[in-house]
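Now for the letters of each chain:
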Amino acid sequence: MQEISTTSNEIDLPKNIILVGFMGCGKSTIGRQVSLELNYPLIDTDNLIVENMGMSVPEIFEQHGEDFFRGLETELLIQLAEADTEKSVISTGGGLPLRKENRELLEKLGYVVWLQAGVDCIMGRTQSATHRPLLQTPDPKLTIRNLLADRESIYSESADLVINTDDLAIADTTHGIIESARYYFSKY
Ligand code: S3P
């Protein structure tokens, strides 16, 4: 009898899995888990920018402004595309898909998964952290609501798959992403 192994370590995807979505939607946590399951490296765009600049995200925003940070995100994506990066999990900063140019680069780089969560869930996951300059406002909940409303169509435009993480266990989200990516790459 033929034995077929289905462990996800043996899944061989031709490009990358890319996670986009609002702050606090679990991109870093899920990215880490998907990278472990697939045994692919994890590329975290915020971490790389911080490493390259030798400054934290709040310091970059404060000293150079948001537009400059967006420029760094574009440069990084161009470098990843030019290096023909493949078989990696790319976890992106929440505002990275805002630039059209970035959305086009994401499309070239691989399978784009939009991780969603509701306002209350995002609020709960982000309220004690101070490393997100855009949420340091007098009314972070209103800020989240407004930014989400502005960005929803942008995330939607770049996504190949949408997953709402509110009520999903990390393992379920992870397996959903891996199986969907496998199916997607078998078709396209
Ligand atoms: C941002 C999200 C942050 C970080 C920066 C800006 C945004 O990343 O890139 O603070 O505009 O949504 P996370 O989504 O990982 O928090």
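Now for a description of the structure that goes with this document. Source: prediction; values computed, not measured.

Conventions and cut-offs
Residues numbered from 1 in each chain as written. Predicted model: local features only at pLDDT ≥ 70, side-chain atom pairs only at ≥ 80, totals over all residues. Heavy atoms only, no water. Helix = DSSP H or I, 4+ residues; strand = E, 2+ residues; numbered from the N terminus. Rg over C-alpha atoms; globule rule 2.2 N^0.38 Å. Buried < 20%, exposed > 50% of the residue type's maximum accessible area, 1.4 Å probe, protein only. Contact = heavy atoms within 4.5 Å. Areas by Shrake-Rupley, 256 points an atom, 1.4 Å probe, with all protein chains shown as cover. Lys, Arg positive; Asp, Glu negative; His and termini not counted. Charge placed at Lys NZ, Arg CZ, Asp CG, Glu CD. 1 Å grid on protein atoms, 1.4 Å probe; cavity = no way out; pocket = protein on both sides within 12 Å on 5 of 7 lines; lining within 4 Å. Points joined across faces, edges and corners; volume = space filled by probe spheres on them. Nonpolar A, V, L, I, M, F, W, Y, C, P; charged D, E, K, R; others polar. Near = heavy atom within 4 Å. Polar contact = N/O pair within 3.5 Å; in protein donor to acceptor, adjacent residues only side chain to side chain. Sits in = over half its atoms within 2 Å of the grid points. Core = buried A, V, L, I, M, F, W, Y, C linked by side-chain atoms within 4.5 Å.

**A look at the overall build of the protein**
Helix and strand counts for the protein stand at 8 helices and 5 strands. The linear arrangement of helices and strands in the protein, starting from the amino end, is β-α-β-α-α-α-β-α-β-α-α-β-α. Computed over its C-alpha atoms, the radius of gyration of the protein comes to 17 Å, within 12% of the 16 Å expected for a compact globule of 188 residues. Evaluated residue by residue, the protein yields a buried proportion of 45% over its 188 residues. Restricting to contacts in the protein with at least 6 residues of sequence separation, those with at least 24 account for 78%. About 10,000 Å² of surface is accessible on the protein, with carbon and sulfur atoms providing 48% of the total. Charge centroids of the protein, computed over 16 positive and 29 negative side chains, lie 4 Å from each other.

**Regarding the layout of surface pockets**
A water-sized probe, rolled over the atoms, reveals where empty space remains. Taken as a whole, the largest pocket spans an internal volume of roughly 580 Å³. For the lining of the largest pocket, the secondary structure elements donating two or more residues are α1 (27-38), α2 (45-53), α3 (57-64) and α4 (66-82). Looking at the lining of the largest pocket, its residues break down into 9 nonpolar, 12 polar and 8 charged.

**Some thoughts on the site of the ligand**
In the vicinity of the ligand there are 14 residues, among which Lys27, Asp46, Arg70, Arg132 and Arg151 approach most closely. At a separation of 2.6 Å, an oxygen atom of the ligand approaches a polar side-chain atom of Lys27. One of the side-chain N or O atoms of Arg70 is found 2.7 Å from an oxygen atom in the ligand. Protein coverage of the free-state accessible area of the ligand, which is 380 Å², stands at 95%. Judged by the proximity of its atoms to the pocket grid, the ligand belongs to the largest pocket. Of all the elements in the fold, those that place two or more residues in the shell around the ligand are α3 and α4. Residues belonging to the shell around the ligand are distributed by class as follows: 6 nonpolar, 3 polar and 5 charged.

**Some words on the nonpolar core**
As a rule of thumb, nonpolar side chains are buried together in soluble globular proteins. In terms of nonpolar packing, the biggest core is built from 43 residues, with Ile17, Phe22, Val113 and Ile177 touching the most fellow members. Looking at this core, the element that brings in the most residues is strand β4 (residues 110-116), giving 5 residues. Each residue touching Ile177, except ones within four places of it in the same chain, is listed here: Ile17, Leu19, Ile30, Val34, Tyr111, Val113, Leu115, Leu161 and Ile163. Listed in part, the 8 residues of the second largest apolar core include Ile49, Val57, Ile60 and Leu76.

Just geometry here; none of it tells us what the structure is for.
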